[in-house]
Amino acid sequence: YYDISTNTTLPQDFHEESNGTITYEGGESLLGINVSSQSGAIDWAQVKENGVDFALIRVGYRGYKRGQLVLDENFQTNIAGATEAGIPVGVYFYSKAVTDAEADEEATFVLEQIRNYQVTWPIAFFWEYDTNDDGSQDQSSRTIACNGEQVTSFIKAFCDKIELAGFTASYYADKTMAYETLQLDQLTSYDLWYAEYRAQPGFYYDFGMWQYTDEGTVSGISGSVPITLSFKNYPSLR
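Residues numbered from 1 in each chain as written. Predicted model: local features only at pLDDT ≥ 70, side-chain atom pairs only at ≥ 80, totals over all residues. Heavy atoms only, no water.

(A) Focus on the overall build of the chain. Scanning the chain from N- to C-terminus turns up 6 helices and 11 strands. The C-alpha radius of gyration computed for the chain amounts to 17 Å, which stays within 12% of the reference 18 Å derived for 238 residues, consistent with globular compactness. For the C-alpha atoms alone, the extent of the chain along its principal axes is close to 45 × 40 × 40 Å. Here the contacts in the chain between residues at least 6 apart in sequence split such that 63% fall between residues at least 24 apart. Per element, the accessible surface of the chain, about 11100 Å² overall, is 42% carbon and sulfur. Placing the 14 positive and 34 negative side-chain charges of the chain at their respective mean positions leaves the two points 7 Å apart. (Helix = DSSP H or I, 4+ residues; strand = E, 2+ residues; numbered from the N terminus. Rg over C-alpha atoms; globule rule 2.2 N^0.38 Å. Contact = heavy atoms within 4.5 Å. Areas by Shrake-Rupley, 256 points an atom, 1.4 Å probe, with all protein chains shown as cover. Lys, Arg positive; Asp, Glu negative; His and termini not counted. Charge placed at Lys NZ, Arg CZ, Asp CG, Glu CD.)

(B) Fine view of the nonpolar core. Ile 33, Ile 114 and Phe 158 are the most contacted members of the largest nonpolar core, which has 64 residues in total. Broken down by element, this core gets its largest block of residues, 7 residues, from helix α4 (residues 148-164). Not counting residues within four places of it along the chain, the set of residues in contact with Phe 158 comprises Phe 93, Ala 103, Glu 106, Ala 107, Val 110, Ile 123, Ala 124 and Phe 125. (Core = buried A, V, L, I, M, F, W, Y, C linked by side-chain atoms within 4.5 Å. Buried < 20%, exposed > 50% of the residue type's maximum accessible area, 1.4 Å probe, protein only.)

(C) Here's a closer look at the packing of aromatic side chains. For the structure on display, the rule yields 27 aromatic pairs. Where Phe 125 meets Phe 158, the ring centres are 4.8 Å apart and the plane angle is 40 degrees; that geometry is what we call tilted. Highlighted residues: Phe 125 in strand β7 (residues 123-127) and Phe 158 in helix α4, separated in sequence by 33 residues. On the accessibility criterion, Phe 158 (0% relative accessible area) is buried. Judged by centre distance (5.3 Å) and plane angle (35 degrees), the ring pair of Tyr 194 and Phe 207 falls under tilted. Highlighted residues: Tyr 194 in strand β9 (residues 191-195) and Phe 207 in the loop between β9 and β10 (209-216), separated in sequence by 13 residues. (Phe/Tyr/Trp six-rings, centres within 6.5 Å; stacked < 30°, edge-to-face > 60°.)

(D) Just the environment of Leu 237, in detail. Looking at the element boundaries, Leu 237 is found in helix α6 (residues 234-237). On a C-alpha basis, the gap between Leu 237 and Glu 84 in space is 22 Å, while along the polypeptide they are 153 residues apart.

(E) Quick peek at the pattern of salt bridges. Under the defined criterion, the tally for this structure stands at 10 salt bridges. Across the salt bridge formed by Arg 62 and Glu 106, the nearest N and O atoms sit 2.6 Å from each other. With Arg 62 in strand β4 (residues 54-62) and Glu 106 in helix α3 (residues 100-113), this residue pair connects regions lying 44 residues apart in the sequence. The exposure class of Arg 62 is buried, given its relative accessible area of 4%. With its nearest N and O atoms 2.8 Å apart, the salt bridge here joins Arg 142 to Glu 102. Here Glu 102 lies in helix α3 and Arg 142 lies in the loop between β7 and α4, a separation of 40 residues in the sequence. Classification of Arg 142 by relative accessible area gives partly exposed; the value is 22%. When salt bridges with common partners are traced through the structure, they connect Arg 62, Glu 102, Glu 105, Glu 106 and Arg 142 into a single cluster. (Salt bridge = Lys/Arg side-chain N within 4 Å of Asp/Glu carboxyl O.)

(F) Region of interest: α3. With 14 residues, α3 ought to run about 20 Å at 1.5 Å a step, and its terminal C-alpha atoms sit 20 Å apart, in line with that. Those residues of α3 that fall on the buried side of the exposure criterion are Glu 102, Ala 103, Glu 106, Ala 107, Phe 109, Val 110 and Leu 111. Tucked inside the fold, the buried residues of α3 contact β4, β5 (69-71), β6 (89-95), β7 and α4. (Expected span 1.5 Å × (residues − 1).)

(G) Examining the packing of α3 against α4 more closely. It is the contact of α3 with α4, at a shortest axis distance of 8 Å, that shows an interaxial angle of 30 degrees. For the pair α3 and α4, the crossing hand works out as right-handed. Contacts between α3 and α4 pair Asp 100, Ala 103, Asp 104, Glu 106, Ala 107, Thr 108, Val 110 and Leu 111 from the former with Ser 153, Phe 154, Ala 157, Phe 158, Lys 161 and Ile 162 from the latter. Of the residues assigned to the contact of α3 with α4, the class counts are 8 nonpolar, 2 polar and 4 charged. (Axes fitted to C-alpha atoms, helices over the stretch in contact; angles between N-to-C directions. Left-handed = near helix turned anticlockwise from the far one by under 90°. Nonpolar A, V, L, I, M, F, W, Y, C, P; charged D, E, K, R; others polar.)

(H) Structural detail: a nonpolar patch on the surface. Among the surface-exposed residues, Tyr 1, Tyr 179 and Tyr 204 lie close enough to one another that they form a single nonpolar patch of about 410 Å² accessible area. Mapped onto the elements, Tyr 179 comes out in helix α5 (residues 175-181). The class of Tyr 179 is partly exposed, set by a relative accessible area of 37%. (Patch = residues over 30% accessible without salt bridge, like charges linked within 9 Å, V, L, I, M, F, W, Y side chains within 5 Å.)

Structural measurements only, silent on function.
This is the structure we're talking about:
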C-alpha cells in the first residue's frame, strides 16, 4: 500500500459502444491514439475527422538485445502529418534501458528529435519486459535482470530530464508492472499512462491516461490501433 493519490473514476461512468469505443461520463475525457511505423501509412485528415483529440507518436526504441537506439522510420512523417491535420501530439520512447545513464540518453535522443515540432501532450517512457508467446520472460533480452527498484530509477532518470526541458513527462505501465514491479510512491511527480484492456479501468491508484485496447479501429489507419482516454487536457495545463 502506498499513501499516494488514488483513482477517482467510477465504473458506472464508463460505457462501451457497439463499435468497441469506450466513453467516460464522469468528467472530462479526450480520445487519443498511439502510433508507430507498425501502423503503416496514416491519413491524418481522416483520423482528425474521426474524432481523435490527440496522438502519441513513437519517436524510436532501443534494441532489446544489443541496445542500439533506433529512430522510428515513420516518426517524422507521423508527427508532421498529425500536426498539419490539427491533431495535438505527444510522443513516447520504447525503452530497453538497463541503467540510469541509458534512460537519460534516451531522453536526450527524444528531445533532439522533437526539437522542430510542437509537443503539447506528455512525453512518455515506455518500458516493459520482453516475453515469449507463452507469457514467460525472454531470457535473451537485455532487460531480464532488471528489478523494480532499477526500473523505477530508469523512469525517474528519463522523466526528470524531460521535465527539466519544460515538457510534461509520463510513464507507461500495465496493472502487473504497476502493482508488482514499480515503486509507485517514487513516481508521483509524473502521470501514469495506464494500460488495461477491459470496459473500465480496475486500478487502485491515480493515472492520467488509460489505454483500453490495442485493437481499436480508426478511419485513416488500415490496421488496428491502440486507443487511450485521457482524463486531463494536458495542453491546457502547461
